Amino acid sequence: RRHTRLRTVTGVQTCALPIYCVYAVWVGAGTGSTNLWFSESRDGGETWLPPSGSSNDGYQATKLSAYIPGLASAKSPSLAWFDDRLYISYLNTNDQLALSSWDPLSGDATQWSTPTVLSSDGSSSFTSTLSPQLISNGDGLAITWVAADGTLASTLSTSPDTTIWTAVDAAAGGGTSPFNPA
């Protein structure tokens, strides 16, 4: 992602030059690990920033699960950029689709939002046993996953920080839409 936005924080200007950022998120190694790790590069991946916080087990990455309760998964997470924020979609430890966001200009990778379990009606969450894919088309975010019955499912939102997402009618489009042609 190329940042060109300027921001002044207590008289200090950050992101004054175009920055070519690369973000990475992954599940920790080892059987049964649910730790999610995050790393950021501001020079196209040539070097990586030191981790935020102190609970990082000596790795050159931030152990998100140590700072944000519920930001844990045994399956691969997915990242997407939308509305000047970085979003992570993943299956929580109950195999429910969850979402968290972060403002890179905060400069602190421990400041992700509290994870939200996603649903279309506010009560029953979206679930899967396979990793979801988060997609941004600029107008909103979509998440595509394989539902428990093996069908392709997707949901979309133009306000992704809410818990209610619009489910795409699988019967009408097989889990796809013009917005999310997965």
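Draft legend 1. Geometry of the overall build of the protein chain. Across its full length, the protein chain holds one helix and 15 strands. Split into buried and exposed, the 182 residues of the protein chain put 41% on the buried side. Taking the contacts inside the protein chain whose residues are at least 6 apart along the sequence as the reference set, 43% of them involve residues at least 24 apart. Looking at the protein chain as shown, the accessible area adds up to about 9100 Å², and 51% of this sits on carbon and sulfur atoms.

Draft legend 2. View of unusual backbone geometry. Although it is not a glycine, Asp 83 adopts a positive phi angle of roughly 50°. Mapped onto the elements, Asp 83 comes out in the loop between β8 (78-82) and β9 (85-91).

Draft legend 3. Representation of the environment of Ser 78 in the model. Mapping Ser 78 onto the fold places it in strand β8. For Ser 78, a relative accessible area of 5% corresponds to the buried category. Separated by 65 residues in sequence, Ser 78 and Ile 143 have C-alpha atoms that sit 9.3 Å apart. In this view, Ser 78 contacts Tyr 87, Ile 88, Ser 89, Pro 132, Gln 133 and Leu 134; residues no more than four positions away in its chain are not counted.

Draft legend 4. Region of the structure containing the packing of aromatic side chains. Within this structure, the stated rule accounts for eight aromatic pairs. Ring centres 6.1 Å apart and planes at 85° place the aromatic pair Tyr 23 and Trp 102 in the edge-to-face group. In this pair, Tyr 23 sits in strand β5 (residues 22-27) while Trp 102 sits in strand β10 (residues 97-102), placing the two residues 79 residues apart along the sequence. Judged by relative accessible area, Tyr 23 falls into the buried class, the value being 14%. Residue classification places Trp 102 among the buried residues on the basis of a relative accessible area of 0%. On the numbers, 5.4 Å between centres and 75° between planes, the contact of Phe 38 with Trp 112 is edge-to-face. Within this pair, whereas Phe 38 is found in strand β6 (residues 36-41), its partner Trp 112 is found in the loop between β10 and β11 (116-117), the two being separated by 74 residues in sequence. Accessibility expressed as a relative area gives 6% for Trp 112, which makes it buried.

Draft legend 5. Structural context of the pairing of β9. For β9, the buried fraction is high: six of the seven residues fall into the buried class. With five bridges connecting them, β8 and β9 associate as antiparallel partners. Pairing of Ala 80 across the sheet is with Tyr 87, part of β9. Between β8 and β9, which pair antiparallel in sequence order, lie two residues; one of them, Asp 83, sits at a positive phi of approximately 50°. Taken together, β9 and the strand that follows it, β10, pair antiparallel across an intervening segment of five residues, in which Asp 95 is found at a positive phi of about 60°.

Draft legend 6. How the structure looks around the pairing of strand β12 (residues 133-136). Where β12 and strand β13 (residues 141-146) come together, four bridges link them in antiparallel fashion. Across the sheet, the residue bridging to Ile 135 is Ala 142, located in β13. What sits between the antiparallel neighbours β12 and β13 is a turn of four residues, in which Gly 138 has the positive phi angle 100°.

Draft legend 7. Highlighting the sheet that holds strand β15 (residues 166-167). Here four strands make up an open sheet; going across it, the order is β12-β13-β14-β15 and the pairing antiparallel. Because the sheet does not close on itself, it has two edges, and the strands there are β12 and β15. Strand direction decides the pairing type here: β13 and strand β14 (residues 152-157), joined by six bridges, are antiparallel. Looking at β14, one finds that Ile 143 is bridged to Thr 155.

Draft legend 8. Spatial organisation of the confidence of the model for the protein chain. Confidence in the prediction of the protein chain, expressed as mean pLDDT, is 78, and 79% of residues score 70 or more. Across the protein chain, the element-wise mean pLDDT spans from 36 in strand β3 (residues 12-14) up to 94 in β9. In the model, residues 1-17 has pLDDT below 50 throughout and makes 34 contacts with residues more than four positions away in sequence or in other chains. Every residue in residues 172-182 scores below 50 in pLDDT, and together they form 29 contacts with partners more than four places removed in sequence or on other chains.

Calculation notes
- Residues numbered from 1 in each chain as written.
- Predicted model: local features only at pLDDT ≥ 70, side-chain atom pairs only at ≥ 80, totals over all residues.
- Heavy atoms only, no water.
- Helix = DSSP H or I, 4+ residues; strand = E, 2+ residues; numbered from the N terminus.
- Buried < 20%, exposed > 50% of the residue type's maximum accessible area, 1.4 Å probe, protein only.
- Contact = heavy atoms within 4.5 Å.
- Areas by Shrake-Rupley, 256 points an atom, 1.4 Å probe, with all protein chains shown as cover.
- Phe/Tyr/Trp six-rings, centres within 6.5 Å; stacked < 30°, edge-to-face > 60°.
- Pairing = 2+ DSSP bridges.
- pLDDT = per-residue confidence, 0-100.

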